[in-house]
Amino acid sequence: MKKKFINILNIIEVMNRLEKGLTIEGALFIDSDTHQLSFKPYKMAKYQPGYNKRPKPKLIKKLPWGWLKQSVCNNILRVSVPQDMGTAQTIAIFNQHVAEANNALIDMELKEFC
């Protein structure tokens, strides 16, 4: 049985991630200088210290056919109505949801100031 050795570049970073039980993404290749099998971890932003993901939008109100959420920059209103409802009924649902979303935003604004 032949043993294969892998030369790991940046071994300290790799060992720190292994101790935490995290995965390590990288490239496995044969080094042209040493002719050994080598592993080089990727320098991805999510693996660097201080990296924070963007927070998920906060749910303001759950609506019968959708929801109203607030992200870092935007207020997001989503309405999804089946096509078999008909145009008049769909427009009525859209108008109802917009009115409910407006009321929810006003209520949220009042709660912040009171």
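Residues numbered from 1 in each chain as written. Predicted model: local features only at pLDDT ≥ 70, side-chain atom pairs only at ≥ 80, totals over all residues. Heavy atoms only, no water.

A. Representation of helix α2 (residues 87-113) within the structure. Spanning 27 residues, α2 covers 39 Å between terminal C-alpha atoms, matching the ideal 39 Å at 1.5 Å per step. Regarding α2, the residues found buried are T90, I93, H97, A101, A104 and M108. Contact partners of the buried residues in α2: β4 (58-63), β5 (66-70) and β6 (75-79). (Helix = DSSP H or I, 4+ residues; strand = E, 2+ residues; numbered from the N terminus. Expected span 1.5 Å × (residues − 1). Buried < 20%, exposed > 50% of the residue type's maximum accessible area, 1.4 Å probe, protein only. Contact = heavy atoms within 4.5 Å.)

B. Fine view of the sheet that holds β6. Spatial ordering of the open sheet is given by β4-β5-β6, a layout of 3 strands whose pairing is antiparallel. The two strands at the open ends of the sheet, each matched to only one other strand, are β4 and β6. Pairs of neighbouring strands in the sheet enclose a mean axial angle of 15 degrees, with direction left out of account. One ladder, built from 5 bridges, connects β4 with β5; its direction is antiparallel. Following the sheet pairing, K58 is matched in β5 by Q70. Packing against the sheet, α2 makes contact with β4, β5 and β6, and its axis sits at approximately 140 degrees to β4. (Pairing = 2+ DSSP bridges. Axes fitted to C-alpha atoms, helices over the stretch in contact; angles between N-to-C directions.)

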